[in-house]
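# A closer look at the structure
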Amino acid sequence: MDFQPLLLTFKLATITSLILLVVSLPIAYWLAFAKFKGRGVVEAIIGMPLVLPPSVIGFYLLLAFSPSYWFGNFIESIFGLRLVFSFSGLVIASVLYSLPFMVYPIRAGLQSLPASLREASYTLGKNEWDTFFKVLLPNCKPALLTAFVLTFAHTVGEFGVVLMIGGNIPGVTKVASVAIYNEVEALNYPAANQYAMVLFAVTFLILLVVYSVNNSLLRVRQSS
């Protein structure tokens, strides 16, 4: 079995999850506590990947990333970076496609915390960002862990978006889901099964660890 698609898949999932963890923290905090008009519009835009077919998202991202359109042309002319059929394009597409899987669990975790935590922090002279990073985030570790793992697992399972943006270039854009598709098309079911079993096992182990850790944290919180 060629392990390159698997390594590329886990590399893409790790980079995407780390980027989204940084990007999603202020977005989740903003959605959790800010009061503003148009909240429904913002939430609908962020949540679109949850309901839209991946092929639809992939098609519009393919158009946007193409050098024939202004965004792709701007990125290529300014940064010398071609997003279509490149690993960089896969990362950006995965970040956009997996955004709600990181934002919504963190927002839910923040909203589940008692309001007294924020109030006590402000009373002690902490500003808004100190309260966020030193008080709120340490108290919603299960939500952070769940968000990271959901994003990682969702990126591992991407197919339609990565195929539309990256195509099937070995060592560059050929991730495990595309490799499975290729083997099934070639009627090479044993090879497809090998890739599928690895993804199945890795995903199951990750989820098992996450739920075990979250249950342990919950028991500690309840006992205290």
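Residues numbered from 1 in each chain as written. Predicted model: local features only at pLDDT ≥ 70, side-chain atom pairs only at ≥ 80, totals over all residues. Heavy atoms only, no water.

If you check an unreviewed UniProt entry, the chain appears there as Molybdenum transport system permease from Dyadobacter luticola. Its UniProt record gives the chain the following Function (unreviewed entry) comment, quoted word for word: "Part of the binding-protein-dependent transport system for molybdenum; probably responsible for the translocation of the substrate across the membrane." Taken from UniProt, the Subcellular location (unreviewed entry) comment for the chain reads in full: "Cell membrane". (UniProt positions renumbered as here; feature names shortened; annotations may be inferred.)

### Some words on the overall build of the chain
From N to C terminus, the chain includes 11 helices and zero strands. Across the chain, helices and strands are ordered from the amino to the carboxyl terminus as α-α-α-α-α-α-α-α-α-α-α. The buried share of the chain, reckoned over its 224 residues, is 39%. At a minimum sequence separation of 6, the contacts of the chain that also span at least 24 residues come to 73%. Just so you have it, the chain exposes about 12200 Å², and 69% of that area is on carbon and sulfur atoms. Here the chain carries 13 positive and 9 negative side-chain charges, and the mean point of each set is 12 Å from the other. (Helix = DSSP H or I, 4+ residues; strand = E, 2+ residues; numbered from the N terminus. Buried < 20%, exposed > 50% of the residue type's maximum accessible area, 1.4 Å probe, protein only. Contact = heavy atoms within 4.5 Å. Areas by Shrake-Rupley, 256 points an atom, 1.4 Å probe, with all protein chains shown as cover. Lys, Arg positive; Asp, Glu negative; His and termini not counted. Charge placed at Lys NZ, Arg CZ, Asp CG, Glu CD.)

### Digging into a nonpolar patch on the surface
Taken together, Trp 70, Phe 74, Ile 78, Phe 79 and Leu 81 make up a surface patch of nonpolar side chains, about 610 Å² in accessible area. The residue Phe 79 is located in helix H4 (residues 70–79) in this model. (Patch = residues over 30% accessible without salt bridge, like charges linked within 9 Å, V, L, I, M, F, W, Y side chains within 5 Å. Salt bridge = Lys/Arg side-chain N within 4 Å of Asp/Glu carboxyl O.)

### Quick look at the UniProt feature "domain: ABC transmembrane type-1" (unreviewed entry) in the chain
The feature "domain: ABC transmembrane type-1" (unreviewed entry), as annotated in UniProt, sits at residues 6–210 in this numbering. Helix makes up 79% of residues 6–210 and strand 0%, whereas the separation of the span's terminal C-alpha atoms amounts to 21 Å.

### Describing the environment of Gly 58
Structurally, the position occupied by Gly 58 is in helix H3 (residues 54–65). The spatial distance from the C-alpha of Gly 58 to the C-alpha of Val 91 is 13 Å, given a sequence separation of 33 residues.

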